[in-house]
Amino acid sequence: MPRHRRDDQNRFDADEGNAIGLTRAFSPIEDDEFVDADAMHGALDPFETVPAPVPEPPLDAEELTAADVERAKSRKAKHARHAKPSAGSPTAADAASPADAGADATNGAGQGSSAPSFTAFSDEASFAADETPAYLHKSKRMRRILLVVIAILLVLLVAGGVAVWQLLQVAQTAASQQAQNVTQEVGAIEGDEAKDASTATAKTTTVPDLVSLLGLTQDEAVAQLAHGAQVTSTREVNEEGNPIKQDVRVVLSAEPADSRSGTPTVYLGIDEEGHIVQAGYSTSTSSLGYGSLSFTDAVLNESVIEKTLSEAGLSVEEGTVSLPEDKTAYTTYASDGATKTKEYCSFEGEAQANGGAHAWSAVLSYDYAMANATGNLADTIRTIYVYVNA
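Residues numbered from 1 in each chain as written. Predicted model: local features only at pLDDT ≥ 70, side-chain atom pairs only at ≥ 80, totals over all residues. Heavy atoms only, no water.

(A) Region of the structure containing the overall build of the protein. Of regular secondary structure, the protein possesses 10 helices and eight strands. Of all 390 residues assigned to the protein, the portion counted as buried reaches 27%. The contacts in the protein between residues at least 6 apart in sequence include a share of 60% that link residues at least 24 apart. Roughly 24,100 Å² of accessible area belongs to the protein as shown, and the carbon and sulfur atoms make up 55% of that amount. (Helix = DSSP H or I, 4+ residues; strand = E, 2+ residues; numbered from the N terminus. Buried < 20%, exposed > 50% of the residue type's maximum accessible area, 1.4 Å probe, protein only. Contact = heavy atoms within 4.5 Å. Areas by Shrake-Rupley, 256 points an atom, 1.4 Å probe, with all protein chains shown as cover.)

So this is what it looks like as structure tokens:
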């Protein structure tokens, strides 16, 4: 619908009331000829498609009145209200630049229709709705990072569990082996203590007649001993009240030597006149035919002291020798208070020989140092000493 009628009948000149100073190129718009676009747009359903009217040729900016500009702005504001953009979506006023707003106002005023502006706003709103918000992208990225961290933690937990399980297995294996070793050692000790004469080994040496050496000189004693007797050491003794003035050691080199206690040896005590007043003998119990007997069993059950003295020329009844009731009197323990390191006990008495009484003394020694080091009780050094006095 034309917005202006240009007929000569309604033209105003300056003298006829052209109060706003219009040129004669334009004639005032009559109220009955103007169609209110706001009323027309408000009657339309905002969700219906409004057919775009055929635009009229745009008017120049110089031809617009102030009232036309205001009407264009009012129509644009109503378009924005009818579009009802969702929260967070850009509005028509925000989406349009100032230059675009001026152009829309000019075009709207010239064309007399709001359809093109409404269509443009709808396209921008749909484009903004299709875009994914930045916080959603950030949320997805954080979820991916959390999944990676959780996977790494699970791997570390599994690896730690496997390591702990392996350590427990190693500890259990070591504990079982240690318990087995202790059981074997205890069994070996108990078995050694339970052995009797049936475990005796072959006898490889003979105890010399010590009583017959009493009263002889050193040379006479060496000749009588035979068995490769050789004097290996002589020591002077200067003790007040001691009749022995010289100690002589004689090794029976022809006798089989024991790998632990060595070769059987004879000890001669010579007084100041050069006569033997004491004769002694030492060897390993195994050389005398006694097996791996325990200390208690060797003394009380096997009577190794009495038998050795009998071979040395003294008549000593078996059962004469006994041990102290308190084992600590003859047993030495390691720092743990349980491991034996040595058992040593001395005995003495008097016995008859050749119609006369002779004092005697004896020592039984078990050294467990090597056995503890090797873990084999067979490495225990078992040595017996017997002495006969004139």
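(B) Looking closely at the pattern of salt bridges. Under the criterion given, the structure shown has four salt bridges. The salt bridge partner of Glu 311 is Lys 203, with a shortest N-O separation of 2.9 Å. Of this pair, Glu 311 sits in helix α9 (residues 304–311) while Lys 203 sits in the loop between α6 (134–194) and α7 (218–225), placing them 108 residues apart in sequence. Overall, Lys 203 belongs to the partly exposed group, its relative accessible area being 42%. Residue Asp 247 is joined to Arg 235 by a salt bridge in which the shortest nitrogen-to-oxygen separation is 2.6 Å. With Asp 247 in strand β2 (residues 246–252) and Arg 235 in strand β1 (residues 229–236), this pair connects stretches of sequence that are 12 residues apart. Taking the relative accessible area as the measure of exposure, Asp 247 reaches 24% and is therefore partly exposed. (Salt bridge = Lys/Arg side-chain N within 4 Å of Asp/Glu carboxyl O.)

(C) Spatial organisation of the pairing of β2. Bridge analysis of β1 against β2 gives seven bridges, and the strand direction is antiparallel. The residue bridging Ala 229 from the neighbouring strand is Leu 252, located in β2. (Pairing = 2+ DSSP bridges.)

(D) Summary view of the packing of aromatic side chains. Tallied over the entire structure, the rule returns four aromatic pairs. Their ring planes at 20 degrees and their centres at 5.4 Å tell us that Phe 295 and Tyr 330 sit as a pair that is stacked. Linking Phe 295 in helix α8 (residues 295–301) with Tyr 330 in the loop between α9 and β5 (331–333), this pair joins segments that are 35 residues apart in sequence. Residues Phe 295 and Tyr 330 agree in their burial class; the two are buried. The interplanar angle of 70 degrees and the centroid separation of 6.4 Å between the aromatic rings of Tyr 366 and Tyr 368 together place this pair among those described as edge-to-face. You'll find Tyr 366 and Tyr 368 in the same group, each marked buried. Through a chain of ring-to-ring contacts, three or more aromatic side chains come together here, namely Phe 295, Tyr 330, Tyr 366 and Tyr 368. The ring centre of Tyr 366 lies 5.0 Å from the NZ or CZ of Arg 382, which sits over that ring. (Phe/Tyr/Trp six-rings, centres within 6.5 Å; stacked < 30°, edge-to-face > 60°. Lys NZ or Arg CZ within 6 Å of the ring centre and 35° of its normal.)

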